[in-house]
Amino acid sequence: LSSLYSFGKQGEFRILKEGLVCIAEDEIYSNEAPCLCIGDISIGDSQADIQTSYGKPDRAMSNHHGVLTDLYFLHSTDKKILAYIAVDYNSNRVSAIQVTGRVVVTDLTFFSIRLRDREVVVKTVLGEPDKKIPIEGVEGELWTYPFPFSIEMIDQRVYSIRVFDPDVVFSHNEEEEQ
């Protein structure tokens, strides 16, 4: 998939002496654009490209902000969805990607981090989060960093990974306040 945002270079966040940085093709970037991807889906990809690769979504919806969301069920049984990926679009371009579930989905990683990884893996790759926010209703935490991504941890394991375009997507708190 080609991406207007990442210019075809997919990078990854790594801890260096400078702190957490985005690296693509052995180059440190001053912004996070090349690192905003999960698997082969990048911020800025077109909706047509995603649907060509993944097919018709299992569910499509929109919200009052005009954001369109396509849901793809990755692992499911007759009674339960075990993992899914949600792709948000603004002006037919990917503005957020979220993979969620309680099973490992090997091809949809946030660099080397995948669903069900232990928190030590996340800390090794990304370091300590800036904030750990309790998630109501489950015994989990939302880990946030000074970059446009977050990770939900439940039972000390990755339950959800979300990356977003900071210029387009509201955080969940901002949406609730408006």
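Structure shown above.
So, a few notes on the structure that sits alongside this text. Note that residues are indexed from 1 along each chain, following the sequence as it is written. Where local features are concerned, this predicted model is filtered to residues with pLDDT of at least 70; where side-chain atom pairs are given and counted, the filter is 80 or more; whole-chain, interface and lining totals use all residues. Neither water nor hydrogens contribute to the side-chain values; these are computed over all heavy atoms in the structure.

1. Considering unusual backbone geometry
Alright, step 1. Located in the positive-phi region is Asn-92, a residue other than glycine, with phi close to 65°.
Alright, step 2. Note on conventions: DSSP H or I runs of at least 4 residues are helices, E runs of at least 2 residues are strands, and numbering of each starts at the N terminus. In this fold, Asn-92 is placed in the loop between strand E8 (81–90) and strand E9 (93–101).
Alright, step 3. In this structure, Asp-155 takes a positive phi of about 55° despite not being glycine.
Alright, step 4. Topologically, Asp-155 is positioned in the loop between strand E12 (149–154) and strand E13 (157–164).

2. Thoughts on the state of the cysteines
Among covalent bonds in proteins, the disulfide is the one between the sulfur atoms of two cysteines.
Alright, step 1. Throughout, a disulfide means two cysteine sulfur atoms within 2.5 Å of one another. Per the counting criterion, the structure on display carries 1 disulfide.
Alright, step 2. With a sulfur-sulfur separation of 2.1 Å, Cys-22 is cross-linked through a disulfide to Cys-35. Taking the sign of the S-S torsion, about 100° here, the bridge from Cys-22 to Cys-35 comes out right-handed. Of this pair, Cys-22 sits in strand E2 (residues 19–24) while Cys-35 sits in the loop between strand E3 (27–29) and strand E4 (37–38), and the two are 13 residues apart along the sequence.

3. Focus on the pattern of salt bridges
Alright, step 1. We define a salt bridge as a side-chain nitrogen of Lys or Arg found within 4 Å of a carboxyl oxygen belonging to Asp or Glu. Enumeration according to the criterion identifies 5 salt bridges in this entry.
Alright, step 2. One salt bridge connects Asp-117 with Arg-114, and the closest N-O pair in it is separated by 3.7 Å.
Alright, step 3. A residue is classified by how much of its surface remains accessible, and Arg-114, at 33% relative accessible area, is partly exposed.
Alright, step 4. For the salt bridge of Glu-119 with Lys-123, the shortest nitrogen-to-oxygen distance reads 3.5 Å. Of this pair, Glu-119 and Lys-123 both sit in helix H2 (residues 119–126), 4 residues apart, which is roughly one turn of that helix. Only protein chains enter the accessibility calculation, which uses a 1.4 Å probe; a residue is then buried when its area is under 20% of its type maximum, exposed when over 50%, and partly exposed in between.

4. Observations regarding the sheet that holds strand E1 (residues 12–16)
Alright, step 1. Pairing in this open sheet of 3 strands is antiparallel, and the strands run E1-E2-E3 from one edge to the other. In the strand order of this sheet, the two ends are held by E1 and E3, each with one partner. Pairs of neighbouring strands in the sheet enclose a mean axial angle of 50°, with direction left out of account.
Alright, step 2. The pairing of E2 with E3 spans 3 bridges and is antiparallel. Directly across from Ile-23, in E3, lies its bridge partner Ile-28.
Alright, step 3. Contacts are assigned to residue pairs with any non-hydrogen atoms lying within 4.5 Å of each other. For helices, the fitted line uses only the C-alpha atoms of the stretch in contact; every axis is such a line through C-alpha atoms, and the angle between N-to-C directions lies from 0 to 180 degrees. The strands touched by H2 are E1 and E2; relative to E1, the strand with the most contacts, the crossing angle is about 75°. At least two DSSP bridges between two strands are needed for those strands to be called paired.

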